Amino acid sequence: MQRRTFLRATAVTGAAAALGGLPVPSASAAPGGFPDYTYVRTLLSPADLKYNPTGEIIFPTVRGVYDKLASPLGRYYLYYAPHDAPGGICLAYGDSLEGPFTEYPHNPIVSNDWDPHYSVSHVSSPHVLWMPQHNEFWLYFHGENTTTRLARSKDGITFTYDKVVLSTSMMPSGTTETSYARVFAHELPRLGAHYVMLFMLNNTTNHRDICWGWSADGRNWTFDQTPLVRHSDVGAVNVGGPHLLTRGGSAYVVYNKDKESGGDLMITEVGADFSRRKHLGVFYNSGSAAPENGRAAAPSFGTQSGVPYMVYEAGERLAGAIAVARG
């Protein structure tokens with residue numbers, strides 16, 4: 001059982017997942033009634049990968065594709081990337097969220113040089129969203145750290161470039177990074193929006209916060225000019241890797257602290273309309289032993305056969321692996 005630094009909620013129902021799973025019972029509950037997650041195994045380690053230009057990988061996104069593709073490579077696609085130059089958006093596939101996952105033999109599926117659209121030092125932080133109205137997978141990724149881009153695919157492997165969706169120029173003066181974005185289908189009637197974007201912002205103070213924006217179509221965005229979660233709200237130097245979860249008619253943002261500030265995953269309730277800012281404490285406490293070594297980050301969530309899972313970065317930044325925990 002993960003230790004907690006807050007009072008546990010009394011509810012025992014589990015979390016809704018990014019793969020569309022229904023809430024399931026849990027023996028114990030994290031804040032908001034979400035399940036406690038326990039590390040199961042490491043899914044991907046850089047040393048085991050054929051495409052390994054930098055010895056590090058980050059930012060997993062897992063998607064069920066068995067009900068979307070006629071002949072998928074596996075039931076689940078796991079997207080990830082090295083961060084440091086040249087980076088590269090990568091794919092692995094498997095039939096269980098607990099693994100094993102097989103590296104796609106032709107990684108990277110998106111590189112740092114995509115003529116004529118861009119040539120940058122690196123591309124990283126893949127987040128993939130299924131868009132049923134287009135019958136497409138939409139890939140949001142960054143490169144450079146100042147720019148978040150969109151590409152689109154029918155098969156989840158071969159992508160067509162679309163456009164820049166976020167850059168530092170869209171945020172307040174002094175912004176130096178707008179990256180690590182995840183996009184979620186979420187209704188905000190008062191804003192005419194069907195999607196929200198969560199991302200990390202850095203500025204000249206060199207403290208990273210969580211910011212957000214909204215969109216009617218997932219392509220054209222409006223961004224709140226003030227942070228959704230400030231690093232100082234939770235006693236951190238930096239916060240990042242945000243993910244949206246919903247439960248019981250409310251919405252929550254799960255995100256990571258830097259290792260020096262504890263290295264844990266935190267949770268803040270923002271409400272269905274994003275009007276709340278209720279910081280609920282530790283969502284998942286990073287263990288001191290390998291592979292976490294005091295840091296868990298960039299979670300992605302899913303369910304399989306009613307069991308909730310969390311796929312995440314385990315270990316020190318740029319020196320870790322991709323792991324899975326079960327709720």
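Structure's up top.
A few points on the structure. (Residues numbered from 1 in each chain as written. Predicted model: local features only at pLDDT ≥ 70, side-chain atom pairs only at ≥ 80, totals over all residues. Heavy atoms only, no water.)

### Some points on the pairing of strand β13 (residues 193-203)
Line of reasoning, step 1. Taking burial as the measure, the 11 residues of β13 include 9 buried ones, the bulk of the element.
Line of reasoning, step 2. Here 9 bridges tie strand β12 (residues 175-188) to β13, and the two strands are oriented antiparallel to one another. Paired with threonine 175 across the bridge in β13 is asparagine 203.
Line of reasoning, step 3. Connecting the antiparallel pair β12 and β13 is a turn made up of 4 residues, with glycine 192 showing a positive phi of about 65°.
Line of reasoning, step 4. The pairing of β13 with strand β14 (residues 209-215) spans 7 bridges and is classified as antiparallel. Bridge assignment links leucine 201 to a residue of β14, and that residue is aspartate 209.
Line of reasoning, step 5. In textbook terms, the turn of a hairpin is the stretch between consecutive antiparallel strands, and for β13 and β14 this stretch comprises 5 residues, one of which, asparagine 206, has a positive phi near 60°. (Buried < 20%, exposed > 50% of the residue type's maximum accessible area, 1.4 Å probe, protein only. Helix = DSSP H or I, 4+ residues; strand = E, 2+ residues; numbered from the N terminus. Pairing = 2+ DSSP bridges.)

### Re unusual backbone geometry
Line of reasoning, step 1. With omega at 5°, the peptide bond leading from aspartate 115 into proline 116 counts as cis.
Line of reasoning, step 2. Relative to the assigned elements, proline 116 resides in the loop between β6 (113-114) and β7 (118-119).
Line of reasoning, step 3. The peptide bond linking glycine 143 to glutamate 144 adopts the cis configuration, its omega dihedral lying at -10°.
Line of reasoning, step 4. Position of glutamate 144 relative to the elements: it lies in the loop between β9 (136-142) and β10 (147-153).
Line of reasoning, step 5. At phenylalanine 59, a position not held by glycine, the phi torsion is positive, near 55°.
Line of reasoning, step 6. Counting through the fold element by element, phenylalanine 59 comes out in strand β2 (residues 58-64).
Line of reasoning, step 7. Unusually for a residue other than glycine, asparagine 135 sits at a positive phi of about 55°.
Line of reasoning, step 8. Relative to the assigned elements, asparagine 135 resides in the loop between β8 (124-131) and β9.
Line of reasoning, step 9. Residue class for asparagine 135 comes out partly exposed when judged on its relative accessible area of 43%.

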